[in-house]
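What follows is the residue order along each chain.
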Amino acid sequence: MNGPDLVVVAIDGPSGSGKSSVARAVASRLRYGYLDTGAMYRAATWWCLDQHVDLTDAEGVAAAVRAMPLTIGTDPEAPGVEVGGTDISVPIRTTEISTQVSAVATNLDVRDELRRRQREIIGLVGRERGGIVAEGRDITTVVAPDSDVRILLYASEEARLARRSTELHGNASTANVEATRDQIVRRDRDDSTVSSFMQAAPGVSLIDTSDLSLQGSVEAVLDQIASDLGRIRD
Ligand SMILES: Nc1ncnc2c1ncn2[C@@H]1O[C@H](COP(=O)(O)OP(=O)(O)OP(=O)(O)O)[C@@H](O)[C@H]1O
Ligand SMILES: Nc1ccn([C@H]2C[C@H](O)[C@@H](COP(=O)(O)O)O2)c(=O)n1
């Protein structure tokens, strides 16, 4: 628990489960801050490539990330990402970054550094705004296991492939789903070697969004928050 002046909502889940969309909408509704920790790993990958660091050089990658001048926006209405004053909100979402980010995210020294920054942001922004919704793969378990609300947002592999395929290609045809598979299934397999996000840890509430609309997922998370905080929903 974080005390009456700061509510921390931690959301984890596999790729395409809807963490970013749902966490951002929930933070907006509650007027809380929003932290997309995946964007930090994506920014670290962009930075290493920009600095011509070989991603297989674990020590070189860790040193580069420790020196990364990252500013991550925490306003859910406009969560920008900048490195050294350059806006990289769009480049970090490219397939080039999505296919390489796990190489950086599985570097344990990188994880130590980014977790340290994440805890700092959660404390600072959470206190400023009265609360923060932080999402990723290890927020409920490692970054902020004492969060007031801990949720694992789940969706079946089929639902997640269809969502990402629709987002990237406009539909979930068989060809498009197959083209998306690496970004969902292989990435989750690689990321699972350092974090546990396919099953809810003890004390973490599981919300299965496979058959929910985006709005339905947002409402389910708001209901869980109200229930865990012992509040009546607005
Ligand atoms: N029921 C739902 N709940 C959440 N998102 C949904 C739902 N249905 C469709 N979507 C869509 O799924 C897509 C993936 O969502 P989002 O990017 O938030 O997932 P994510 O878990 O953050 O993925 P990643 O970890 O790969 O970034 C978005 O286009 C979102 O609008
Ligand atoms: N807390 C976190 C957040 C993200 N990652 C990794 C896993 C993903 O491959 C990558 C990008 O995340 P996304 O934007 O797709 O949510 O970062 C992690 O290991 N821990």
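Just so it is clear, the structure is predicted and the values come from calculations on it, not from any experiment.

### A short note on the overall build of the protein chain
On a plain count of helices and strands, the protein chain comes out with nine helices and eight strands. Scaling as 2.2 N^0.38, a compact globule of 234 residues should have a C-alpha radius of gyration of about 17 Å, and the protein chain matches this with 17 Å. Dimensions of the protein chain, computed from the C-alpha atoms along their principal axes, are close to 50 × 45 × 30 Å. Here the protein chain holds 234 residues, and the buried ones make up 49% of them. Relative to all contacts within the protein chain whose residues are 6 or more apart in sequence, the contacts with residues 24 or more apart total 76%. Element-wise, carbon and sulfur atoms account for 50% of the exposed surface of the protein chain, whose accessible area totals about 10700 Å².

### Regarding the UniProt feature "binding site: ATP" (unreviewed entry) in the protein chain
UniProt's entry tags G13, P14, S15, G16, S17, G18, K19, S20 and S21 with the feature "binding site: ATP" (unreviewed entry), counted in the numbering of this structure. Looking at the element boundaries, S15 is found in the loop between strand 1 (7-12) and helix 1 (19-30). The contacts of S15, once residues within four sequence positions are left out, are R137, R160, R164, Q183, I184, R187 and D188. Mapped onto the elements of the fold, S20 is located in helix 1. Here S20 is in contact with Y34, D36 and E135, once residues within four sequence places are set aside.

### Remarks on the site of ligand 2
Taken together, 14 residues form the shell around ligand 2, and within it R42, R111, D138, R187 and D191 come nearest. Contacts to ligand 2 include T37, whose side-chain N or O atom sits 3.0 Å from a nitrogen atom. Take R137: an N or O atom from its side chain is 2.9 Å from an oxygen atom of ligand 2. When ligand 2 sits alone it has 450 Å² of accessible area, and the protein chains cover 97% of it. Elements that contribute at least two residues to the shell around ligand 2 include exactly helix 2 (37-50), helix 4 (95-105) and helix 8 (174-191). Among the elements that line the shell around ligand 2, the one with the most residues is helix 2, at four residues. The residue makeup of the shell around ligand 2, split by class, is three nonpolar, four polar and seven charged.

### Re the site of ligand 1
Within the structure, ligand 1 sits among 19 residues, and K19, S20, S21, E167 and L212 are positioned closest to it. In the model, an oxygen atom of ligand 1 is placed 3.1 Å from a nitrogen or oxygen of the R187 side chain. With the chains in place, 83% of the 630 Å² that ligand 1 exposes on its own is no longer accessible. Those elements giving two or more residues to the shell around ligand 1 turn out to be helix 1, helix 7 (157-169) and helix 9 (214-229). For the shell around ligand 1, the leading source of residues is helix 1, giving four residues.

Scoring rules and cut-offs
- Residues numbered from 1 in each chain as written.
- Chains lettered and ligands numbered in written order.
- Predicted model: local features only at pLDDT ≥ 70, side-chain atom pairs only at ≥ 80, totals over all residues.
- Heavy atoms only, no water.
- Helix = DSSP H or I, 4+ residues; strand = E, 2+ residues; numbered from the N terminus.
- Rg over C-alpha atoms; globule rule 2.2 N^0.38 Å.
- Buried < 20%, exposed > 50% of the residue type's maximum accessible area, 1.4 Å probe, protein only.
- Contact = heavy atoms within 4.5 Å.
- Areas by Shrake-Rupley, 256 points an atom, 1.4 Å probe, with all protein chains shown as cover.
- UniProt positions renumbered as here; feature names shortened; annotations may be inferred.
- Near = heavy atom within 4 Å.
- Polar contact = N/O pair within 3.5 Å; in protein donor to acceptor, adjacent residues only side chain to side chain.
- Nonpolar A, V, L, I, M, F, W, Y, C, P; charged D, E, K, R; others polar.

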